[in-house]
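# Structural overview
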Amino acid sequence: LAKTTQPISMDSYEGQEVNITCSHNNIATNDYITWYQQFPSQGPRFIIQGYKTKVTNEVASLFIPADRKSSTLSLPRVSLSDTAVYYCLVGDMVTGGGNKLTFGTGTQLKVEL
Amino acid sequence: DAGITQSPRHKVTETGTPVTLRCHQTENHRYMYWYRQDPGHGLRLIHYSYGVKDTDKGEVSDGYSVSRSKTEDFLLTLESATSSQTSVYFCATSLGQGADTQYFGPGTRLTVL
């Protein structure tokens, strides 16, 4: 089971790009990297998932270096509404079911004017 | 997002009483999960289900039981509630296993006095 480490908190200002890095030194060959976002009083919501190199969707980009021991979630031009907790998860798509995923404590992103 | 509802949304109960939380989904997802979320601990998996009548323990299963008699419903039971089970409980579903995208319900805030 891959353990993840991410910063407890980050601060930013509106319009800036925010990069949140997650380390996962013991990632396995079949593991994918997934990021979730959680607003207060709501359940987490899927943002993006990747296996290697770079993935981009309408809300974020995910950068994964060749050794896959870390990953960086990039949020372009953040706004106040991006203030939330961001979770990095590592797990495979083939085996194990739910008990292979660990959400951890996440990174609290605070965006100010 | 998947149609996931949880009931009740809020509950206050006394120590020693049984409590059942219900999760209902309309997406026909095979996998369902129960998490609890506490300050400083992030989300922790309690139990999960990989099909009707098929369940398994998660990270923090002591004091909890689950049942899944049909695809759309996953019940979490606290046989004898304790104050340490005061928490926010989230249900989630996924179409596939492992790292496949999980869709979360709105949560149930449980207070055990």
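Before going into details, it helps to say that this report is about the structure given with it. Please read all numbers here as calculations on a predicted model, not as lab measurements.

So, how was this worked out
Residues numbered from 1 in each chain as written. Chains lettered and ligands numbered in written order. Predicted model: local features only at pLDDT ≥ 70, side-chain atom pairs only at ≥ 80, totals over all residues. Heavy atoms only, no water. Core = buried A, V, L, I, M, F, W, Y, C linked by side-chain atoms within 4.5 Å. Buried < 20%, exposed > 50% of the residue type's maximum accessible area, 1.4 Å probe, protein only. Helix = DSSP H or I, 4+ residues; strand = E, 2+ residues; numbered from the N terminus. Contact = heavy atoms within 4.5 Å. Disulfide = S-S within 2.5 Å. Salt bridge = Lys/Arg side-chain N within 4 Å of Asp/Glu carboxyl O. Buried area = accessible area lost by both parts, 1.4 Å probe. Polar contact = N/O pair within 3.5 Å; in protein donor to acceptor, adjacent residues only side chain to side chain. Nonpolar A, V, L, I, M, F, W, Y, C, P; charged D, E, K, R; others polar.

## Details of the nonpolar core
Residues A:I33, A:W35, A:I47, A:L73, A:L75 and A:Y86 are the most contacted members of the largest nonpolar core, which totals 20 residues. Of all the elements in the fold, those that place two or more residues in this core are β2 (18-23), β3 (31-38), β4 (45-50), β6 (61-64), β7 (70-75), β8 (84-92) and β9 (107-112) of chain A. Broken down by element, the residue count for this core peaks at four residues, all from β8(A). When residues no more than four places from it in sequence are discounted, the contact partners of A:L73 are A:V18, A:N19, A:I20, A:W35, A:I47, A:I48, A:A60, A:S61, A:L62 and A:Y86. One finds B:I4, B:V19, B:F74 and B:A81 within the second-largest nonpolar core, a separate group that totals 18 residues.

## Topic: the state of the cysteines
All names here are of chain A. Using the criterion set out here, one finds two disulfides over all chains in the structure. Here C22 pairs with C88 through a disulfide, and the sulfurs are 2.2 Å apart. On the sign convention where negative is left-handed, the bridge of C22 and C88, at about -80° about the S-S bond, is left-handed. Here the residue C22 occupies a position in strand β2, and C88 occupies one in strand β8, the gap between them amounting to 66 residues. Grouping residues by exposure puts C22 and C88 together as buried.

## Details of the pattern of salt bridges
Residues and elements named next belong to chain B. Inspection of every chain in the model, using the stated rule, returns four salt bridges over all chains. Residue D38 pairs with R44 through a salt bridge whose shortest N-O separation is 2.9 Å. Taking relative accessible area as the criterion, D38 reaches 11% and is therefore assigned buried. A salt bridge links D73 to K70; its shortest N-O distance comes to 3.6 Å. Take D73: its relative accessible area is 7%, and that puts it in the buried class. Among the charged side chains, a network of salt bridges with common partners joins R22, K70 and D73.

## So, the interface of chain B and chain A
On the side of chain A, 24 residues touch chain B, which itself brings 20 residues to the contact. Both faces combined, the contact of chain B with chain A buries some 1700 Å², and carbon together with sulfur accounts for 54% of it. Three residues, B:L43, B:Q97 and B:A99, lead the burial of chain B against chain A; their summed loss comes to 30% of the area buried on that side. The interface formed by chain B and chain A includes zero salt bridges. Summed over the shared surface of chain B and chain A, the result is three residue pairs in polar contact (both at pLDDT 80 or more). The element contributing the most residues to the side of chain B that touches chain A is strand β5 (residues 42-51) of chain B, with four residues. Counted by class, the side of chain B that touches chain A contains nine nonpolar, nine polar and two charged residues.

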